[in-house]
Amino acid sequence: MKLKQILFILTILLFKTVDTLACSCGELDPISKDDFEKAGAIFIGRVIKVEEDRDKWTKAVTFLVTDRLKSTGQTKEITIWTPLDGAACGLSTKEGDKWYIFAYKNDNNKFVAGLCGRSVNLDKKFRIKDYGLKYAYLEKRAWKKDFKRYKKEKRFIKKIK
């Protein structure tokens, strides 16, 4: 009887899914003039296209720029590269979302941004069904902190421009 119980428990545990976050980010320091100068692009824009490259675990996200906070010399559309998903520290972008993007240039001269950077989804909605009760609360609290940081950074950038 005990063997059947152990097998039953192991089977349940095997198929039980647990929400985990593989990407863990540290606290960001307040923005400095040096951070601003090192950035390749800083802007606010709407996602107009997301192209995934599953072989390289990346995606190209194209934005229609609505507010350029650091000039890049590019047109109204800017493409940034990010890891494919949040577990790999990529931005969770969907078409139509409004974002504050703080991107750097990589060795291939492409703009890159990730979850642990300064970028913030400005249209974030926290539905309990998407996160579960515990995680929706934690996610919303973290987002509020990021949104507050974004407001401070935007004021700082407008001052030093």
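Remember, it's a predicted structure, so these values are computed and weren't measured experimentally. (Residues numbered from 1 in each chain as written. Predicted model: local features only at pLDDT ≥ 70, side-chain atom pairs only at ≥ 80, totals over all residues. Heavy atoms only, no water.)

Novice: Help me understand the side chain of Asp97, please; the structure alone is not making it clear to me.
Specialist: Relative to the assigned elements, Asp97 resides in the loop between strand S3 (77-83) and strand S4 (98-105). Buried charge without a partner: Asp97 forms no salt bridge, and the closest opposite charge is Lys94, 5.0 Å away. Here the side chain of Asp97 touches Asn121 through a polar contact of 3.5 Å, side chain to side chain. Setting aside anything within four residues of it in sequence, one finds Asp97 in contact with Gly45, Arg46, Val47, Ser92, Asn121 and Asp123. (Helix = DSSP H or I, 4+ residues; strand = E, 2+ residues; numbered from the N terminus. Buried < 20%, exposed > 50% of the residue type's maximum accessible area, 1.4 Å probe, protein only. Lys, Arg positive; Asp, Glu negative; His and termini not counted. Salt bridge = Lys/Arg side-chain N within 4 Å of Asp/Glu carboxyl O. Polar contact = N/O pair within 3.5 Å; in protein donor to acceptor, adjacent residues only side chain to side chain. Contact = heavy atoms within 4.5 Å.)

Novice: What is the right way to read the nonpolar core from this model?
Specialist: In summary, soluble globular proteins display a tendency toward joint burial of nonpolar side chains. Grouped together as the largest cluster of nonpolar side chains are 14 residues, with contacts concentrated most on Phe43, Phe63, Ile80 and Ile101. Taken together, the elements giving at least two residues each to this core come down to strand S1 (41-53), strand S2 (58-70), S3 and S4. Ignoring any residue separated from it by four or fewer positions in sequence, one finds Ile80 in contact with Phe43, Lys59, Ala60, Val61, Phe63, Leu91, Ile101, Ala103, Phe111 and Ala113. Counting 13 residues, the second largest nonpolar core, distinct from the first, contains Phe36, Ile42, Leu69 and Ile157. (Core = buried A, V, L, I, M, F, W, Y, C linked by side-chain atoms within 4.5 Å.)

Novice: Looking at this structure, how should I read the pattern of salt bridges?
Specialist: Close approach of charged atoms allows side chains of opposite charge to pair. In the structure shown here, the tally under the stated rule is eleven salt bridges. Asp67 serves as the salt-bridge partner of Lys154, at 3.7 Å between the closest nitrogen and oxygen. Here Lys154, found in helix H4 (residues 133-160), pairs with Asp67, found in strand S2; they are 87 residues apart in sequence, far enough to count as distant. The partner of Lys158 in a salt bridge is Asp67, and the shortest N-O contact between them spans 3.7 Å. Highlighted residues: Lys158 in helix H4 and Asp67 in strand S2, separated in sequence by 91 residues.

Novice: Would you mind going over the environment of Lys49 with me for this structure?
Specialist: Tracing the backbone shows Lys49 in strand S1. Residue classification places Lys49 among the partly exposed positions, given a relative accessible area of 39%. Separated by 15 residues in the primary sequence, Lys49 and Leu64 have C-alpha atoms spaced 9.3 Å apart. For Lys49, the residues in contact, after removing those within four places along its chain, are Ala60, Val61, Thr62 and Glu95. Reaching out from Lys49, the side chain makes a polar contact with the side chain of Glu51 at a distance of 3.5 Å.

Novice: Is there a simple way to explain the packing of aromatic side chains in this structure?
Specialist: The relative placement of two aromatic rings is captured by the distance of their centres and the angle of their planes. For the coordinates displayed, the defined rule picks out five aromatic pairs. Connected via pairs of aromatic rings, a cluster forms that spans Tyr100, Trp143, Phe147 and Tyr150. Seen from the ring of Trp81, Lys110 lies directly overhead, with NZ or CZ sitting 4.3 Å from the centre. (Phe/Tyr/Trp six-rings, centres within 6.5 Å; stacked < 30°, edge-to-face > 60°. Lys NZ or Arg CZ within 6 Å of the ring centre and 35° of its normal.)

Novice: What should I look at first to understand H4 in this one?
Specialist: An α-helical turn contains 3.6 residues, so a residue and the one three or four places further along point in the same direction. If you check H4, its first and last C-alpha atoms are 41 Å apart, about what 28 residues at 1.5 Å a residue would give, namely 40 Å. Every buried residue of H4 is listed here: Ala136, Trp143, Arg149, Tyr150, Glu153 and Ile157. (Expected span 1.5 Å × (residues − 1).)

Novice: Is there a simple way to explain the confidence of the model for the chain in this structure?
Specialist: Should pLDDT be low for a region, the predicted coordinates there are not to be read in detail. Taken as a whole, the chain shows an average pLDDT of 83; of its residues, 80% reach a score of 70 or greater. This stretch, residues 16-21, has a pLDDT under 50; its non-local contacts, to residues over four places away or in other chains, come to three contacts. (pLDDT = per-residue confidence, 0-100.)

Novice: Can you walk me through unusual backbone geometry in this structure?
Specialist: It is generally the case that most residues other than glycine have a negative phi and that most peptide bonds are trans. For Trp57, which is not glycine, the phi torsion reads 55° and is therefore positive. Tracing the backbone shows Trp57 in the loop between S1 and S2. Relative accessible area serves as the criterion here: at 49%, Trp57 is assigned to the partly exposed category. Its identity is not glycine, yet Asn109 carries a phi of approximately 65°, on the positive side. With respect to the helices and strands, the residue Asn109 is situated in the loop between S4 and strand S5 (111-112).

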